[in-house]
Number of protein chains: 2
Amino acid sequence: MDIHDLVRQLRSKNDSKIVLLVADGLGGLPMEPGGKTELEAARTPNLDELARRGISGLMHPIKPGITPGSGPGHLGLFGYDPVKYLIGRGALEATGIGFKLEPTDVAVRCNFCTVDSSGKITDRRAGRIPTEKSGPLADMLDQNVSIPGVEVFVRPVKEHRFVVVFRAAGLGGHVADTDPQKTGVAPLDPVAADQASQRTAEVAAEFIAQARKLLADQPEANCLSMRGFSEKPHMPTYEEVYGVRAAAIAAYPMYKGLAQLVGMAIVGQPDTLEQEIDVLEQAWGEFDFFFVHFKYTDSRGEDGDFDAKVKTIEEFDGIIPRVTALGPTVLAVTGDHSTPARLASHSWHPVPVLLVSDVCRTDGCQAFGETAAICGGLGQFEAVYLMPLLLANAGRLEKFGA
Amino acid sequence: MDIHDLVRQLRSKNDSKIVLLVADGLGGLPMEPGGKTELEAARTPNLDELARRGISGLMHPIKPGITPGSGPGHLGLFGYDPVKYLIGRGALEATGIGFKLEPTDVAVRCNFCTVDSSGKITDRRAGRIPTEKSGPLADMLDQNVSIPGVEVFVRPVKEHRFVVVFRAAGLGGHVADTDPQKTGVAPLDPVAADQASQRTAEVAAEFIAQARKLLADQPEANCLSMRGFSEKPHMPTYEEVYGVRAAAIAAYPMYKGLAQLVGMAIVGQPDTLEQEIDVLEQAWGEFDFFFVHFKYTDSRGEDGDFDAKVKTIEEFDGIIPRVTALGPTVLAVTGDHSTPARLASHSWHPVPVLLVSDVCRTDGCQAFGETAAICGGLGQFEAVYLMPLLLANAGRLEKFGA
């Protein structure tokens, strides 16, 4: 029995409001030994005040030592065991551009590539064709490829990358990549790895044949390769598991897509953090749970720019009063993982988390930061336990057993 | 999917060097309430400096409250779930005397015992016959017992105890003990508990018949009993799971044997701690991972000698500069469990651990000790997560998912 099975049995409804504020890649590292992390260096009076009123801790997105990608990082945060609920590469790519996958879909990551007159690949990325050129080509394929009994969607991603989604009953997701991962050879044929994916391989072969004819006159993008065939991951929804009507407020397609996979409603079309809080205010009456995603802490960490990450954290701190003014029953602030500027990448370091509610057992932490959180009352825990803690603090979990 | 499955997917290679220094039974207890533990009482300037530069925590060898034996303690430390990877008693006894088990072996713990003229046991331990007498008897059996199609090895352990190993294809390890655990009755016949162990039971019966003839004239050790039949445990190797070339540097056969079970190379034949570090220096270029085992912290704990344990800890502290001079990418110091002199035995208390690397997120701990480690940045964790943490700090684990 996993934590979801337990929560399903115990969940109950009330009028509480839960807000989960996620600063992507929030956790960090000092630039030199003994220094401060980005969060510790930032001036964050509002977050520090929350730490004083609440309870802090450190959260492992997956397990100690494991660095998560954005998909597993968010699934963990949403309370879904990221090792159990795997998102295929094609499904993640489709999700990342905001394509809403249906249960009968198979999604595929595709590359435009260049082949010579004998059909051998000369450039696996079609000269990294710019998006302005590749986008119209993807649209052209979307409009012109026609396969009886199958809905075909072709969507541009960036440069040579695009996504194809096949929609029809009976399409399995286990088809081998057609990208041979080298030049000087022809793309491989799509080969099914199981009986259930036989039809998918046939559909993919038909797609490739039609697309090659349509692309034949292109100087660079005259062919394509396919990778990461995958079905929509099957996940129970927030309503089913937690009994909450959940809203996701995010600017980036990837995070809207991930939230959609667990059945959250995507509300508003905010671009900035201030706009996200506008949406939060507007949607306040309609939902029980709000996931608010702030991207730029991660982006500046990935850039390796410590000072810029500090600044985005201060910007994030600035909107806290607007959130607390709404009077959430439970407010949690955390990241989906650490992205230390020092490493310019995601990392395994546990991410600081704070939780404020009337019944949270305050711990004496005086600031929100990695070092302070070590002695926080939440201790160190795996991200999948955050949702049960939020529900408990909201009075939404009954006693287990008599 | 367990942590090994995850690590297998994510491991990558680089030029990093990882050193795991294990002071056996390191954790302790104060002799009176409010006092210091052995580690806290010891003068350990080098370990304290590592704690300042690194990150500390407390490690549960198995689960909270569970006291490990040496086998499970080390398996946990090596990252192998000690509850999943069980080492049978016979296999552990063989491992403990440095016998290198092969995959087709069945190992058995044996006792010399005394039977009367009617074949009933009068002494289950043959008068605790001294090793000088029992050793030659074991050698005599080793040379004279002959079973067609089976290699038979008889090795002395200590006093009345010895080990028998049967080597042949098709020998299962499930045979009931022949030791009736009481006197006044005859030893039991070896009975197979499953079909696969039928042949093992027959081989054991033949061994007993021949051995009893060979021992018939002995005044005390005129018979034997067999316990803990077990196959070589099937464990993936360090290379398979972690992708590292691992070396074990230890003076005691038991720890060399345990390291061998997980595929570590046993390097050198050191007797003292200084000699172990000599071996470490010599082998530095050839391996990625070094397990260095220091026995005497545990021995003095088992003796119940607080002051002597303090002294061995100070000796251990003294070699740290020779290790850091090698410039390991990641250095961890811990024990396989606690052995408080106060209890004169292994205990369940979590064992302090410290980890130093350039990217370890220092935590403000100023000394290495049980109390200081409570507020260490590693928190409290199960020993099986130490290896993932070491690999992560060495840059040897890729991101999980996109």
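Computed from a prediction, not measured in an experiment: that's the story for all the values here. (Residues numbered from 1 in each chain as written. Chains lettered and ligands numbered in written order. Predicted model: local features only at pLDDT ≥ 70, side-chain atom pairs only at ≥ 80, totals over all residues. Heavy atoms only, no water.)

Further remarks concern the pairing of strand β8 (residues 246-249) of chain A. Residues and elements named next belong to chain A. Here β8 shows no split at all, with A246 and A248 on one side and A247 and I249 on the other all buried. Of the strand pairs in this sheet, β8 and strand β10 (residues 289-294) are connected by four bridges, and their pairing is parallel. Along β10, the bridge assignment pairs A246 with F289. As paired strands, β8 and strand β9 (residues 265-266) are joined by two bridges and run parallel to one another. Note that in β9 the partner of A247 across the bridge is A265. (Buried < 20%, exposed > 50% of the residue type's maximum accessible area, 1.4 Å probe, protein only. Helix = DSSP H or I, 4+ residues; strand = E, 2+ residues; numbered from the N terminus. Pairing = 2+ DSSP bridges.)

Time to look at the relation of the copies chain B and chain A. Of the transformation placing chain B onto chain A, the axial shift is 0.4 Å and the rotation is 127 degrees, giving an RMSD of 0.3 Å. Little of the interface of chain B is mirrored in chain A, where only 4% of its interface residues again form contacts. (Least-squares fit on C-alpha atoms with pLDDT ≥ 70 in both. Contact = heavy atoms within 4.5 Å.)

Turning to the sheet that holds strand β2 (residues 55-60) of chain B, a few remarks are in order. Residue and element names in this part refer to chain B. As summarised here, the arrangement of the eight strands in space is β9-β8-β10-β1-β11-β12-β2-β13, forming an open sheet in which the pairing is mixed. Strands with a single pairing partner mark the edges of an open sheet, and in this sheet they are β9 (265-266) and β13 (379-382). Relative to strand β11 (residues 330-334), strand β1 (residues 18-23) runs parallel, the two sharing five bridges. Directly across from V19, in β11, lies its bridge partner L331. On the sheet, helix α3 (residues 45-53) packs against β2, β11 and β12 (351-356) and is oriented at approximately 65 degrees with respect to β12. (Axes fitted to C-alpha atoms, helices over the stretch in contact; angles between N-to-C directions.)

Residues and elements named next belong to chain A. The geometry of helix α3 (residues 45-53) relative to helix α12 (residues 306-318) is characterised by a closest axis approach of 7 Å and an angle of 65 degrees between their N-to-C directions. In this structure, α3 uses P45, N46 and L47 to contact α12, whose residues at the interface are F316, D317 and G318. Looking at the contact of α3 with α12, its residues break down into three nonpolar, two polar and one charged. (Nonpolar A, V, L, I, M, F, W, Y, C, P; charged D, E, K, R; others polar.)

Our next topic: the environment of K232 of chain B. All names here are of chain B. Turning to its location among the elements, K232 is positioned in the loop between β7 (223-231) and α8 (238-242). Linking K232 and G173, residues 59 residues apart in sequence, is a C-alpha distance of 8.8 Å. Discounting residues that sit within four places of it in the chain, K232 has contacts with L101, E102, P103, D105 and L261.

Right, let's get into the packing of helix α6 (residues 131-144) of chain A against helix α7 (residues 198-215) of chain A. When two helices pack together, their arrangement is given by the angle between the helix axes and by the axis-to-axis distance. Residues and elements named next belong to chain A. Following both chains from N to C, one finds α6 and α7 inclined at 125 degrees, their axes separated by 10 Å at the closest point. As judged from the angle between their axes, α6 and α7 are oblique. In terms of crossing hand, the pair formed by α6 and α7 is right-handed. Residues L137, M140, L141 and N144 of α6 form the contact with α7, whose own contacting residues are F207, Q210, A211, L214 and L215. Taken together, the residues of the contact of α6 with α7 sort by class into seven nonpolar, two polar and no charged. (Parallel < 35°, antiparallel > 145°, perpendicular 65-115°, else oblique. Left-handed = near helix turned anticlockwise from the far one by under 90°.)

Counting residues at the interface gives 25 residues for chain B and 33 residues for chain A. Taken over both partners, the interface formed by chain B and chain A buries close to 2,300 Å², and the fraction arising from carbon and sulfur atoms is 67%. When the buried surface of chain B facing chain A is broken down by residue, R361, F400 and A402 of chain B rank first, second and third, together holding 35% of it. Along the contact surface separating chain B from chain A lie zero salt bridges. At the boundary of chain B and chain A, one finds nine residue pairs in polar contact (both at pLDDT 80 or more). For the side of chain B that touches chain A, the secondary-structure elements that each account for two or more residues are α1 (3-10) and α15 (386-393) of chain B. The biggest single contributor to the side of chain B that touches chain A is α15 of chain B, with four residues. Split into classes, the residues belonging to the side of chain B that touches chain A amount to 15 nonpolar, five polar and five charged. (Buried area = accessible area lost by both parts, 1.4 Å probe. Salt bridge = Lys/Arg side-chain N within 4 Å of Asp/Glu carboxyl O. Polar contact = N/O pair within 3.5 Å; in protein donor to acceptor, adjacent residues only side chain to side chain.)

A word on unusual backbone geometry. Its identity is not glycine, yet Q181 of chain A carries a phi of approximately 65 degrees, on the positive side. Considering the arrangement of structural elements, one finds Q181 of chain A in the loop between β6 (161-167) and α7. Taking the relative accessible area as the measure of exposure, Q181 of chain A reaches 47% and is therefore partly exposed. Unusually for a residue other than glycine, R361 of chain B sits at a positive phi of about 55 degrees. Relative to the helices and strands, R361 of chain B is located in the loop between β12 and α14 (370-374). A residue is classified by how much of its surface remains accessible, and R361 of chain B, at 9% relative accessible area, is buried.

Right, let's get into the nonpolar core. Among the nonpolar cores identified, the biggest contains 102 residues, and L21, Y80, Y238, M264 and F289 of chain B are the most heavily contacted of them. Each residue touching M264 of chain B, except ones within four places of it in the same chain, is listed here: F78, Y238, A246, A247, A248, A259, F289 and F291 of chain B. V22, A250, F290 and L378 of chain A belong to the second largest nonpolar core, which has 87 residues in total. (Core = buried A, V, L, I, M, F, W, Y, C linked by side-chain atoms within 4.5 Å.)

The next point concerns helix α4 (residues 70-77) of chain B. Residues and elements named next belong to chain B. Counting buried residues in α4 gives seven out of eight residues, a clear majority hidden from the surface. Taken residue by residue, α4 has S70, G71, G73, H74, L75, G76 and L77 as its buried positions. One or two positions beyond α4, positive phi appears at G79, with a value near 95 degrees.

Let us now look at the packing of aromatic side chains. Inspection of the entire model under this criterion finds 32 aromatic pairs over all chains. Here F294 of chain B and F316 of chain B contribute two aromatic rings whose centre-to-centre distance is 5.6 Å and whose plane-to-plane angle is 15 degrees, an arrangement assigned as stacked. Taken together, the residues span a long stretch of sequence, with F294 of chain B in strand β10 (residues 289-294) and F316 of chain B in helix α12 (residues 306-318) at a distance of 22 residues. Like F294 of chain B, the residue F316 of chain B is buried in the burial classification. For the cation-ring pair, K17 of chain A lies above W284 of chain A, with the distance from its terminal atom to the ring centre recorded as 5.9 Å. (Phe/Tyr/Trp six-rings, centres within 6.5 Å; stacked < 30°, edge-to-face > 60°. Lys NZ or Arg CZ within 6 Å of the ring centre and 35° of its normal.)

What follows concerns the side chain of S338 of chain B. All names here are of chain B. Structurally, S338 can be placed in the loop between β11 and β12. Overall, the relative accessible area of 1% leaves S338 in the buried class. Polar contacts involving the side chain of S338 include one to the main-chain carbonyl oxygen of H349, which spans 2.8 Å. Leave out the neighbours within four places in its chain, and S338 touches G25, G27, G28, S345, H346, S347, H349, P350 and V351.

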